[in-house]
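Structural features, examined
Listed below, chain by chain, are the residues.
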Amino acid sequence: LDTKYDGSVRIEVWPGYAVLVVSKTGKRRVVIGPETTHLEYDETLLPMTLSTGRPKTDDKLIRTVYLKVRNNTVSDVVSAETKDLCEVKVEVSYRVNFTGNEPEKWFEVDNYVKFLTDHLRSLLRHAIKQQGIENFYQNATSIVRDTVLGPARADGEARNGRLFQENGMHVYDVEILDVKISNIQIASLLIKAQQEAVEIDLKIAALERSN
C-alpha cells in the first residue's frame, strides 16, 4: 500500500476455512476461521491451485488462498475395467476434513484435490479389476466404501476412513452417485437380470403369504 492509506490489511477468515500467512523471512502462521487477522507489512497469503471438473483434471485450475478444512466435498469420476474386461465409470463424492495438531502441514500439498483423486483412482481401479462385472454392479457401493474407507467395523461404529499423512487430509465418508457400464448391451442384460430376480422374490413372498 502506498502512503495514501494508513493501517494494515485485514483478513477475515470464514468458519471452516484456513489461510497460511507467510512473511518474507520465512515465518509461517495459520489462521483458522472464524477469525480476523491483520497482515504485517512483509506478510502475504500463500496461494494454492486446485483441479476442477468431473473427472478432476489440470485443464482448468482455480487459484485460491482459502483452504476448506471442515466438511469439504471433492467429487470425481473414476474410469476402470473389471476382470472380465468391462469398462465402468463410477461417480463419487468424497467428504474430507483436515486434521491434526500441525495446521501448517495442511498446506504441504499445493493441489490437494489432484493428490486426493489420483491416489483414490488408483486404489479403486485396482479393487474393481478384481471383480466381475455382475458382482461389481450388484455390490458397487460396498466395494467402493471398503476400498476408500476401510472395512465396516463389527461394533457398528463409523469406518476409520483414509488419512493422508502428507497433509493431514482425512477422507471420512464417500458417496457413490452413479455407476455406468460403457457396454450398453451388458448394462441392459444386468438390469433385466435384476428385474427378473425381484419378480421371483415377489412371487415367492406372495406364495408364502397365501399358505
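Everything below is about the structure shown above.
Residues numbered from 1 in each chain as written. Predicted model: local features only at pLDDT ≥ 70, side-chain atom pairs only at ≥ 80, totals over all residues. Heavy atoms only, no water.

1. Comments concerning the pattern of salt bridges
Condition: Basic side-chain nitrogens of Lys or Arg form a salt bridge, by our definition, when they fall within 4 Å of a carboxyl oxygen of Asp or Glu. Only DSSP runs of H or I reaching four residues or more are called helices, and only runs of E reaching two or more are called strands; each is numbered from the N terminus. Between buried and exposed lies partly exposed: a residue is buried under 20% and exposed over 50% of the maximum accessible area for its type, with that area taken using a 1.4 Å probe on protein chains only.
Overall, the coordinates contain 14 salt bridges when judged by the stated rule. Here R29 ties to E43 by a salt bridge, and the two come within 3.0 Å at their closest N and O atoms. Of the two residues, R29 is situated in strand β3 (residues 28-32) and E43 in strand β5 (residues 43-45); the sequence distance between them amounts to 14 residues. Between E91 and R54 there is a salt bridge; the shortest N-O distance is 2.4 Å. Placement of E91 in strand β10 (residues 87-98) and of R54 in the loop between β6 (48-52) and β7 (57-64) is noted, with a sequence separation of 37 residues between them. Given a relative accessible area of 46%, R54 falls into the partly exposed group. In this structure, a network of salt bridges that share partners links the residues D58, D76, K114, D118 and R121.

2. What about the pairing of strand β1 (residues 10-13)?
Threshold: By the convention used here, strands pair only if DSSP detects at least 2 bridges between them.
Of the two faces of β1, the one lined by I11 and V13 is fully buried and the one lined by R10 and E12 carries no buried residue. Sheet topology places β1 next to strand β4 (residues 35-38); four bridges connect them, and they run antiparallel. Directly across from R10, in β4, lies its bridge partner H38.

3. Quick notes on the environment of K89
The test is simple: Contact criterion: two residues are considered in contact whenever any of their non-hydrogen atoms come within 4.5 Å of each other.
Here K89 is to be found in strand β10. In sequence terms K89 and Y66 are 23 residues apart; their C-alpha atoms lie 31 Å from each other. Aside from chain neighbours lying at most four places away, what touches K89 is V77, V78, S79, D178, V179 and K180.

4. Re the packing of helix α2 (residues 133-149) against helix α3 (residues 184-210)
Our working rule: Angles run from 0 to 180 degrees between N-to-C directions of axes, and those axes are lines fitted to C-alpha atoms, restricted for helices to the stretch in contact. Working definition: roughly parallel below 35 degrees, roughly antiparallel above 145 degrees, roughly perpendicular at 65 to 115 degrees, and oblique for all remaining angles. Crossing chirality is assigned from the near helix's rotation relative to the far helix, an anticlockwise turn below a right angle marking it left-handed and a clockwise turn marking it right-handed. Think of it as three bins: nonpolar holds Ala, Val, Leu, Ile, Met, Phe, Trp, Tyr, Cys and Pro, charged holds Asp, Glu, Lys and Arg, and polar takes everything else, Gly as well.
Packing of α2 against α3 brings their axes to within 11 Å, and their N-to-C directions diverge by 60 degrees. Between α2 and α3, the angle falls in the class oblique. At the point where α2 passes α3, the crossing takes the right-handed sense. Note on element contacts: α3 touches α2 through I186, L190, I191 and Q194, opposite I133, E134, Y137 and Q138. Of the residues assigned to the contact of α2 with α3, the class counts are five nonpolar, two polar and one charged.

5. Section: the environment of V13
Position of V13 relative to the elements: it lies in strand β1. Residues V13 and T37, spaced 24 residues apart in sequence, show a C-alpha to C-alpha distance of 8.1 Å. Residues within four places of V13 in sequence aside, it is in contact with A18, V19, V31, I32, G33, P34, E35 and Y66.

6. Points about the sheet that holds β10
The strand order across the open sheet built from four strands is β9-β10-β12-β11, with neighbouring strands paired in antiparallel fashion. The open sheet has two edge strands with one neighbour each: β9 (72-81) and β11 (162-164). The sheet shows a mean angle of 35 degrees between the axes of neighbouring strands, direction not considered. Here β10 pairs with strand β12 (residues 169-181) via eleven bridges, running antiparallel.

7. What to know about the packing of aromatic side chains
Test applied: Aromatic pairs are defined between Phe, Tyr and Trp rings, using the six-membered ring for Trp, whenever the two ring centres lie within 6.5 Å; interplanar angles under 30 degrees are classed as stacked, those over 60 as edge-to-face, and all others as tilted.
A full pass over the atoms with the stated rule returns five aromatic pairs. Site record: aromatic cluster; members linked through ring pairs are W14, Y17 and Y66.

8. Thoughts on the side chain of N167
Residue placement: N167 occurs in the loop between β11 and β12. In this structure, N167 is in contact with F98, K105, W106, V109, Y112 and F115, ignoring residues within four places of it in sequence.

9. Concerning the pairing of strand β2 (residues 17-23)
Burial runs high along β2: six of the seven residues are buried. Here β2 pairs with strand β8 (residues 67-68) via two bridges, running antiparallel. Pairing of A18 across the sheet is with L67, part of β8. Relative to β3, β2 runs antiparallel, the two being bridged by five bridges. Note on β3: the bridge partner recorded for A18 is I32. In this antiparallel pair of consecutive strands, β2 and β3, the connection spans four residues, and G26 shows a positive phi of 95 degrees. By the bridge criterion, three bridges tie β2 to β5 in an arrangement that is antiparallel. Note that in β5 the partner of V22 across the bridge is T44.

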